[in-house]
Amino acid sequence: MNHSPSRPARLVLSAALAIAVAGCALAPAKIKHPALRDDVPLAGLQVPTRAGWPAADWWRAYHDPQLDTLMALALKQSPSLTEAHSRVQTAEQSVRLAAAQAGLSINGSAQVTRQRLSEHGMIPPQFLGFTWYNQADLGVQLQYDFDWWGKKRAAIDAALDQAHAAEAQHSAAALTIENAVADTYFGWLADQARLELARKAVATQQQLLQIARLRVKQGVDEPDTVQQSASNLAAAQQMQVAIDSSAQIRKVALAALLGVAPADLPDLQPRALPAINGALPANARLDLIARRPDIAASRWQVEAALRQTDQARAQFFPDISISAMAGLSSTNQGAPAMFGGGSSGNLMNVFSPSSRVFSLAPAIHLPIFEGGRLKAAYGVSRAQLDAAVAQYNAVVTDAARDVATQALGAEQIAARRKQQARQVQAEQQLVDSAQARVRQGVRDARASLAATAQWLQQKDTAINLHAQALTTDLALIKALGGGYHMPAPADSTSAPTTSPSGAHTP
């Protein structure tokens, strides 16, 4: 018996292969991985260096238990982090959906039908000998799509890259929250220290006002000295109120960052501001790309866009699939036994061996005429890839500017703090000298109180600079990635990937 394909079948197969080859010829060339910058433009930046990068729990380097508690609360219940986490979960589900659409699918079905034939149909019931009939079907359907061109593989890879990008964005959101919590907390500590100085300044001005009133009453000084002292006291009291209000506002902001009411904040106690070590790692220029979550997210977006161009390119190639069905089917005339009919209507015949049915259907779907839709979709994916690359380059440049700005700012504030420390020390010596003269009876208390007021003012400036230095140090930690480290993307410039079916990507 001759099992070779018939002439019409051979013609159809030859035409399908010819069209497939033509589709492959019309498909655009595979895109190479775009060249991405592998270092950050920081050459020539003259700033202090240090060994190592910020740790994932970088805030513990400040050795402040209160800050540790606040960070634990922020990472647990911050609304912004909850939103970022939901984006990560959405991306992960997208990966599962893309993977579920590839490969083998198996479906089962069971159906019982009772139908009346029309007496005016194509075959009238009087020729068939019955008007009603019953049909029962049980079956299993299998379908497998051969991903020879990597279309589904590209979709899965793109979804994976988007999930990686979402995870990096989540890390960036966490770093932003951590940085804001630490900055707000240190600002509150600075306000507490300044508030203590403000109280002393008010007490000093009150003593000066009292002395001025006594001297005017005794006719030693002009009445204007009382007005001047009263004005100085009012200014000191105004400063005290402003600092106290700032501290209260910072606590409200801290509660908002943690997602709690101000009354639910932990009991915070004033502490000395921590020491600062603002310097860049020695290898910042080369390693910063892997340390910044925003750069990592942008990099994964490029990878996802590249996979999407592969998916759009694969649309030019034919889809090849195979379907199979195995089951049981039985058609009976008259009413079935379950409906009170006789044996001629028994649907239990569906379980007999003679009711078996099988089918096998290989198929090929060819994009013959799409009205430019495939080319347009591919053009959109190419434009999105170019935009992702441009965004990546912009993020890298912005990262370099951010790091350089914060490093230079930290160095400048450190120099100002040294000068301010010298000034505070000089003012302290003036206070000591004035108090010594008062004890010796050479001068009255006015000179000592005036020197104390000046020392308090310089001390307040020093605390302000310390707080600014901490803000810059936190900004530098954020600019350095805050302990994040990007997992390396797969090298897209290597050998062609292998599709799930085992064939190579064209």
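Residues numbered from 1 in each chain as written. Predicted model: local features only at pLDDT ≥ 70, side-chain atom pairs only at ≥ 80, totals over all residues. Heavy atoms only, no water.

Looking at the overall build of the protein chain
Piece 1. Secondary structure assignment for the protein chain yields 10 helices and 6 strands.
Piece 2. The contacts in the protein chain between residues at least 6 apart in sequence include a share of 86% that link residues at least 24 apart. (Helix = DSSP H or I, 4+ residues; strand = E, 2+ residues; numbered from the N terminus. Contact = heavy atoms within 4.5 Å.)

Concerning the packing of aromatic side chains
Piece 1. All chains considered together, the criterion is met by 4 aromatic pairs.
Piece 2. An angle of 80 degrees between the planes, with centres 5.6 Å apart, marks the rings of Trp58 and Trp59 as edge-to-face. Accessibility classification places Trp58 together with Trp59 in one group, the buried group.
Piece 3. An angle of 45 degrees between the planes, with centres 5.6 Å apart, marks the rings of Tyr185 and Phe186 as tilted. You'll find Tyr185 and Phe186 in the same group, each marked buried.
Piece 4. What links up through ring pairs into an aromatic cluster is the set Tyr62, Tyr185 and Phe186. (Phe/Tyr/Trp six-rings, centres within 6.5 Å; stacked < 30°, edge-to-face > 60°. Buried < 20%, exposed > 50% of the residue type's maximum accessible area, 1.4 Å probe, protein only.)

What about the packing of helix α5 (residues 151-217) against helix α8 (residues 293-314)?
Piece 1. Where α5 contacts α8, the axes come no closer than 8 Å and their chain directions differ by 165 degrees. The orientation of α5 with respect to α8, classified from their angle, is roughly antiparallel. The two elements α5 and α8 cross, and the hand of that crossing is left-handed.
Piece 2. A per-class count over the contact of α5 with α8 returns 13 nonpolar, 7 polar and 6 charged. (Axes fitted to C-alpha atoms, helices over the stretch in contact; angles between N-to-C directions. Parallel < 35°, antiparallel > 145°, perpendicular 65-115°, else oblique. Left-handed = near helix turned anticlockwise from the far one by under 90°. Nonpolar A, V, L, I, M, F, W, Y, C, P; charged D, E, K, R; others polar.)

Some words on the pattern of salt bridges
Piece 1. Enumeration according to the criterion identifies 17 salt bridges in this entry.
Piece 2. The closest approach of N and O atoms between Asp39 and Arg37, which form a salt bridge, is 3.2 Å.
Piece 3. Judged by relative accessible area, which is 15%, Asp39 ranks as buried.
Piece 4. Asp444 is the salt-bridge partner of Arg446, the closest N and O atoms lying 3.1 Å from each other.
Piece 5. One salt-bridge network, in which partners are shared between bridges, spans Lys30, Arg307 and Asp310. (Salt bridge = Lys/Arg side-chain N within 4 Å of Asp/Glu carboxyl O.)

Structural notes on the nonpolar core
Piece 1. Counting 36 residues, the largest nonpolar core has Trp58, Tyr62, Leu67, Val181, Tyr185, Phe186 and Leu258 as the members making the most contacts within it.
Piece 2. Counting only elements with at least two residues in this core, the list comes to α2 (65-77), α5, α6 (224-258), α9 (373-439) and α10 (445-479).
Piece 3. Per element, the largest residue contribution to this core is 10 residues, and it comes from α5.
Piece 4. Contact partners of Val181, with chain neighbours within four places excluded, come to Leu70, Met71, Ala74, Leu254, Leu257 and Leu258.
Piece 5. Core analysis: the next-biggest nonpolar cluster, separate from the first, contains 34 residues, Val40, Leu288, Val403 and Leu480 among them. (Core = buried A, V, L, I, M, F, W, Y, C linked by side-chain atoms within 4.5 Å.)

Re a nonpolar patch on the surface
Piece 1. Taken together, the side chains of Leu104, Ile106, Val140 and Leu142 define a hydrophobic patch exposed on the protein surface, amounting to about 340 Å² of accessible area.
Piece 2. Breaking the nonpolar patch down by element, the ones donating at least two residues are β2 (104-116) and β3 (132-146).
Piece 3. Looking at the secondary structure, you find Ile106 in strand β2. (Patch = residues over 30% accessible without salt bridge, like charges linked within 9 Å, V, L, I, M, F, W, Y side chains within 5 Å. Areas by Shrake-Rupley, 256 points an atom, 1.4 Å probe, with all protein chains shown as cover.)

Things to note about α10
Piece 1. Counted at 1.5 Å a residue, the expected span for α10 with its 35 residues is 51 Å, and the 51 Å between its end C-alpha atoms agrees.
Piece 2. Count one or two residues on from α10 and you reach Gly481, which has phi positive near 100 degrees. (Expected span 1.5 Å × (residues − 1).)

Things to note about unusual backbone geometry
Piece 1. Located in the positive-phi region is His63, a residue other than glycine, with phi close to 55 degrees.
Piece 2. Checked against the element boundaries, His63 lands in the loop between β1 (49-50) and α2.
Piece 3. Residue His63 is classed as exposed on the basis of its relative accessible area, which comes to 62%.

As for α2
Piece 1. Taking 1.5 Å as the rise per residue, α2 with 13 residues should run 18 Å; its terminal C-alpha atoms sit 19 Å apart, in good agreement.
Piece 2. For α2, the set of buried residues is Gln66, Leu67, Asp68, Leu70, Met71 and Ala74.
Piece 3. Capping the start of α2 is the job of one residue whose side-chain oxygen sits 3.0 Å from the backbone nitrogen of Gln66: Asp64. (Polar contact = N/O pair within 3.5 Å; in protein donor to acceptor, adjacent residues only side chain to side chain.)

Structural notes on the environment of Lys32
Piece 1. Along the polypeptide, Lys32 turns up in the loop between α1 (7-26) and β1.
Piece 2. The class for Lys32 is exposed, based on a relative accessible area of 74%.
Piece 3. A sequence separation of 274 residues divides Lys32 from Leu306, and the C-alpha atoms of the two residues are 8.8 Å apart.

Focus: the environment of Gln391
Piece 1. By the secondary structure assignment, Gln391 is in helix α9.
Piece 2. Of the residues examined, Gln391 reaches a relative accessible area of 47% and is grouped as partly exposed.
Piece 3. Each C-alpha atom of the pair Gln391 and Gln301 lies 9.2 Å from the other, and the pair is 90 residues apart in sequence.

Digging into the confidence of the model for the protein chain
Segments scoring low in pLDDT should not have their predicted coordinates read at a detailed level.
Piece 1. When pLDDT is averaged along the protein chain, the result is 81; 82% of the residues meet or exceed 70.
Piece 2. Low confidence marks residues 335-345, where pLDDT is under 50. Its contacts with residues over four positions away, or in another chain, come to 21 contacts.
Piece 3. The model gives residues 491-506 a pLDDT under 50, and that stretch makes 32 contacts with residues more than four places away or in other chains. (pLDDT = per-residue confidence, 0-100.)

Examining the environment of Asn464
Piece 1. Along the chain, Asn464 turns up in helix α10.
Piece 2. The partly exposed category is assigned to Asn464, whose relative accessible area is 28%.
Piece 3. Sequence-wise, Asn464 and Gly187 are 277 residues apart; in three dimensions their C-alpha atoms are separated by 9.3 Å.

Thoughts on the side chain of Ser298
Piece 1. Mapping Ser298 onto the fold places it in helix α8.
Piece 2. Owing to a relative accessible area of 7%, Ser298 belongs among the buried residues under this scheme.
Piece 3. Filtering out sequence-adjacent residues up to four positions away, Ser298 remains in contact with Ala388, Gln391, Tyr392 and Val395.

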